[in-house]
Amino acid sequence: MPPDSAPSHFIQSIISEDLKQGKNQGRVHTRFPPEPNGYLHIGHAKSICLNFGIATEFDGLCNLRFDDTNPSKEDVEYVESIREDVRWLGFDWGNREYYASDYFDRLYHFALEIIRAGKAYVCDLNADQMREYRGTLIEPGRNSPFRERSIEENLNLFERMKAGEFTDGAHTLRAKIDMASPNLNMRDPVMYRILHATHHRTSDHWCIYPTYDFAHGQSDSIEGVTHSICTLEFEDHRPLYDWFLDQLSVHHPQQIEFARLNLSHTVLSKRKLLELVQQQRVTGWDDPRMPTLAGFRRRGYTPEAIRMFCERIGVAKRNSTVDIAMLEHCLRDDLNKRAPRVMAVLRPIKVVIDNYPEGQVEGLEAVNNPEDPSMGTRPVPFSRLLYIEQDDFREEPPKGFFRLSPGREVRLRYAYIIKCVDVVKDPQTGGITELRCTYDPETKSGSSQSKRKVKGTIHWVSAAHAIEAEVRLYDHLFSKEDPDDVPEGTDWLTNINPKSLERLNSCRVEPILANAKPGERYQFERLGYFCVDSVDFVKERPVFNRTVTLRDTWANVQRAAKKA
RNA sequence: UGGGCGGUCGCCAAGCGGUAAGGCCCCGGACUUUGGAUCCGGUAUCGAAGGUUCGAAUCCUUCCCGCCCAGCCA
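Residues numbered from 1 in each chain as written. Chains lettered and ligands numbered in written order. Predicted model: local features only at pLDDT ≥ 70, side-chain atom pairs only at ≥ 80, totals over all residues. Heavy atoms only, no water.

Draft legend 1. Broad picture of the packing of aromatic side chains. Following the criterion strictly, the structure yields 24 aromatic pairs and no others. Geometrically, the ring pair formed by Tyr39 and Trp285 is stacked, given 5.0 Å between the ring centres and 10 degrees between the ring planes. Residue Tyr39 is located in the loop between β1 (29–32) and α2 (42–57), and its partner Trp285 is located in the loop between α9 (270–278) and α10 (293–299); the two are separated by 246 residues in the primary sequence. By relative accessible area, which is 14% here, Tyr39 ends up buried. In this structure Trp285 comes out as buried when scored by relative accessible area, which is 9%. Both rings, one in Tyr416 and one in Tyr439, keep their centres 4.7 Å apart while their planes meet at 80 degrees; by these two values the pair is edge-to-face. On the criterion of sequence distance, the pair formed by Tyr416 in the loop between β16 (409–412) and β17 (417–425) and Tyr439 in strand β18 (residues 432–440) is long-range, its members being 23 residues apart. For the residue pair Tyr416 and Tyr439, the accessibility class agrees, reading buried in each case. (Phe/Tyr/Trp six-rings, centres within 6.5 Å; stacked < 30°, edge-to-face > 60°. Helix = DSSP H or I, 4+ residues; strand = E, 2+ residues; numbered from the N terminus. Buried < 20%, exposed > 50% of the residue type's maximum accessible area, 1.4 Å probe, protein only.)

Pasting the structure below:
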């Protein structure tokens with residue numbers, strides 16, 4: 001039953017109303033119908049969540065159906081990835097995994113039925129001619145010279161098309177509707193085309209394949225789908241969807257269209273994603289910068305965050321582009337609750353605590369997750385030689401900087417307050433080689449003396465105990481909000497963010513991370529959320545992917561200062 | 001100049017004749033051993049113009065703007 005208190009979008013309203021009127025015997029049945037010609041992306045996630053979500057909400061069912069009517073573009077690699085991604089997102093289609101190709105035989109018989117009713121004909125026009133005959137947006141088309149063939153001749157020709165007597169494109173089967181329709185989809189659309197191609201499931205059994213228009217509605221009907229939810233660009237196809245079903249007098253699902261998702265700073269068209277992969281602008285469909293589910297997964301996103309995102313963006317008919325910040329917010333929200341915290345220094349600068357005994361090591365206690373006490377604590381070793389983040393030291397601190405600088409104090413998280421007493425530089429380059437500091441033994445974390453407050457707290461790592469790691473800093477794949485916003489004469493590829501990946505090779509992380517497993521997610525305190533890369537992982541030297549940064553108020557302040 | 005669909009805060013999005021929800025972003029402030037989290041507070045008169053009405057984002061009229069359609073792709 002639909003929650004009548006929860007705010008609902010227009011599709012939920014339609015279904016509620018249908019149920020109220022007793023349509024479909026109170027049944028709700030949807031389907032997610034991907035074409036296996038690419039990997040699933042976040043836009044598909046919206047559709048998956050919508051279709052499976054509605055099924056759950058209204059106590060119905062949702063099928064997974066591969067829309068595999070074009071063997072020249074499809075591949076099993078894609079069907080496998082799609083299965084994996086839908087499952088990863090958290091949805092289950094039970095044993096209802098279907099393929100349009102499962103219905104090729106029935107579809108063929110449907111076509112025969114329409115031919116016998118005198119509502120379809122075999123046309124000999126080639127692609128160019130057909131375009132000419134179709135007319136334009138403002139001029140009606142002309143009837144094909146083959147439109148009035150006899151039913152017998154049509155039957156015979158169609159049979160021979162199926163038998164493989166003709167070459168690709170020599171004939172098509174067309175619906176006989178109305179060449180003057182203002183809706184171009186109704187100007188005798190093609191139902192079947194000849195394609196001598198090997199299909200990933202039916203092999204060479206067929207050499208004629210149904211078009212989307214002829215296959216989709218009938219497949220929905222065969223499966224008993226009640227609400228066939230698709231994107232806006234199919235709105236113009238609805239009259240055709242309805243027309244076929246009416247000719248056949250079969251179960252008639254209702255097609256409902258909603259606006260597809262667009263996300264800022266990325267592209268979501270299959271064609272463009274394919275191009276990024278083929279041109280090797282990224283390392284593959286699962287490159288952590290890709291908006292594919294495989295990419296997000298490798299990047300460290302959680303299915304929960306993506307589902308939350310899909311819920312929050314809503315469902316409507318207006319074209320829109322959601323700010324990627326919305327997605328990142330959902331991610332942080334989820335990771336904040338579940339990711340264990342750990343300290344990692346990405347760009348190390350050496351710190352020597354002058355007054356700390358040489359050779360001494362203390363095991364300090366650090367909280368694993370302040371949001372969840374049940375996650376416990378862990379020991380973190382402290383010693384005389386440490387590393388801190390380069391960003392956490394400024395020789396000439398700007399206004400509002402409350403990290404470390406000469407003569408100033410800062411707290412080392414879970415440890416002591418230290419003071420910078422000297423800056424050692426390389427006499428050649430002038431670059432800082434190490435910081436000499438002193439610590440205040442009275443200020444140990446958790447001790448009764450530790451009431452002294454300092455403005456800043458920074459993370460650190462004990463040099464002798466830290467382990468080395470590679471960290472990959474990912475940023476938006478495109479630097480512009482709208483990748484298509486380009487100067488004349490250039491294309492979207494010029495908007496690829498040259499800094500979308502930065503690899504850091506001399507990072508030092510807490511010893512506890514020696515046990516990190518591929519796919520595990522952590523919060524590197526003050527930096528962001530990171531996950532262990534599952535492809536390039538090696539135990540001796542883990543690779544971490546930055547999933548998303550933490551909200552960085554200080555960065556905002558600096559940005560504002562720069563502008564002023 | 002054809003047909004279809006849309007236009008509510010910077011970005012999403014509720015609202016369905018009774019006097020503009022919520023989320024994101026942003027800006028303040030509280031708290032804080034993550035400049036994180038959390039908590040308070042702040043920001044729209046609804047594409048435009050007319051009209052109907054006691055009353056309109058919601059109804060009517062006209063206009064403007066955007067998106068989709070001329071694949072034997074989906």
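Picking up where we left off.
Draft legend 2. Looking closely at the side chain of Thr202. Its place among the elements puts Thr202 in the loop between β6 (190–194) and β7 (208–210). Looking at Thr202, the relative accessible area reads 16%, which means it is buried. Ignoring anything within four residues of it in the chain, the contact list for Thr202 reads Ser101, Phe104 and Tyr209. (Contact = heavy atoms within 4.5 Å.)

Draft legend 3. Inspection of the side chain of Ser500 at higher detail. Mapping Ser500 onto the fold places it in the loop between β21 (467–474) and β22 (501–509). Leave out the neighbours within four places in its chain, and Ser500 touches Arg289, Leu473, Tyr474, Asp475, His476 and Leu477.

Draft legend 4. Seen up close, the protein's contact with RNA strand B. Taken together, 65 residues form the shell around RNA strand B, and within it Arg341, Phe402, Arg403, Ser445 and Thr553 come nearest. Close to the protein, within 4 Å, the atoms of RNA strand B belong to sugar or phosphate groups at a rate of 62%. With respect to RNA strand B, the backbone of Gly400 contributes an N or O atom lying 2.8 Å from a base nitrogen. Within the side chain of Asn556, a nitrogen or oxygen atom sits 3.3 Å from a phosphate oxygen of RNA strand B. (Near = heavy atom within 4 Å. Polar contact = N/O pair within 3.5 Å; in protein donor to acceptor, adjacent residues only side chain to side chain.)

Draft legend 5. How the structure looks around the nonpolar core. Residues Val86, Ile306 and Phe309 are the most contacted members of the largest nonpolar core, which totals 40 residues. Going through the elements one at a time, α2, β2 (61–66), α3 (76–89), α10, α11 (303–313) and α12 (324–338) are the ones with two or more residues in this core. Among the elements that take part in this core, α2 stands out by supplying six residues, more than any other. Residues within four places of Phe309 in sequence aside, it is in contact with Ile42, Leu261, Leu263, Val322, Met326, Leu327 and Cys330. Counting 32 residues, the second largest nonpolar core, distinct from the first, contains Ile115, Ile177, Tyr192 and Phe244. (Core = buried A, V, L, I, M, F, W, Y, C linked by side-chain atoms within 4.5 Å.)

Draft legend 6. Spatial organisation of helix α4 (residues 104–116). The first and last C-alpha atoms of α4 sit 18 Å apart over 13 residues, in line with the 18 Å expected at 1.5 Å per residue. Burial in α4 covers these residues: Phe104, Leu107, Tyr108, Phe110, Ala111, Leu112, Ile114 and Ile115. (Expected span 1.5 Å × (residues − 1).)

Draft legend 7. Looking closely at the sheet that holds strand β23 (residues 521–524). An order of β10-β23-β24-β25-β21-β22-β11 is seen for the seven strands of this open sheet, with the pairing classed as mixed. Edge positions in the sheet fall to β10 (341–342) and β11 (344–345), since each has one partner strand and no second. Looking at chain direction, β11 and β22 are connected through two bridges and run antiparallel. The residue of β22 that forms the bridge with Ala344 is Val509. Packed on one face of the sheet, α12 meets β10, β23, β24 (528–532) and β25 (543–549) and runs near 115 degrees to β25. (Pairing = 2+ DSSP bridges. Axes fitted to C-alpha atoms, helices over the stretch in contact; angles between N-to-C directions.)

Draft legend 8. The pattern of salt bridges, seen in detail. One pass over the structure, following the stated rule, counts 45 salt bridges. Residue Arg160 is joined to Glu165 by a salt bridge in which the shortest nitrogen-to-oxygen separation is 2.6 Å. Look at Glu165 and you get partly exposed, because its relative accessible area is 47%. Lys425 serves as the salt-bridge partner of Glu395, at 2.9 Å between the closest nitrogen and oxygen. Of this pair, Glu395 sits in the loop between β15 (385–389) and β16 while Lys425 is found in strand β17, placing the two residues 30 residues apart along the sequence. (Salt bridge = Lys/Arg side-chain N within 4 Å of Asp/Glu carboxyl O.)

Draft legend 9. Structural detail: the pairing of β22. Two elements, β21 and β22, share seven bridges in a ladder whose sense is antiparallel. By the bridge assignment, Ala469 is partnered in β22 with Cys507.

Draft legend 10. How the structure looks around the sheet that holds β7. Here four strands make up an open sheet; going across it, the order is β4-β5-β6-β7 and the pairing antiparallel. Whereas interior strands pair on both sides, the edge strands pair on one side only; in this sheet they are β4 (120–123) and β7. Adjacent strand axes in the sheet meet at a mean angle of 20 degrees when their direction is disregarded. Where β4 and strand β5 (residues 172–175) come together, four bridges link them in antiparallel fashion. Residue pairing across strands places Tyr121 opposite Arg174, the latter belonging to β5.

Draft legend 11. Up close: the packing of helix α7 (residues 212–222) against helix α8 (residues 238–248). Packing of α7 against α8 brings their axes to within 9 Å, and their N-to-C directions diverge by 60 degrees. Regarding the angle of α7 to α8, the classification is oblique. For the pair α7 and α8, the crossing hand works out as right-handed. Mapping the contact onto sequence places Asp213, Phe214, His216, Gly217, Gln218, Asp220 and Ser221 in α7 and Leu240, Tyr241, Phe244, Leu245 and Leu248 in α8. Each residue belonging to the contact of α7 with α8 can be placed in one class, and the counts come to six nonpolar, four polar and two charged. (Parallel < 35°, antiparallel > 145°, perpendicular 65-115°, else oblique. Left-handed = near helix turned anticlockwise from the far one by under 90°. Nonpolar A, V, L, I, M, F, W, Y, C, P; charged D, E, K, R; others polar.)

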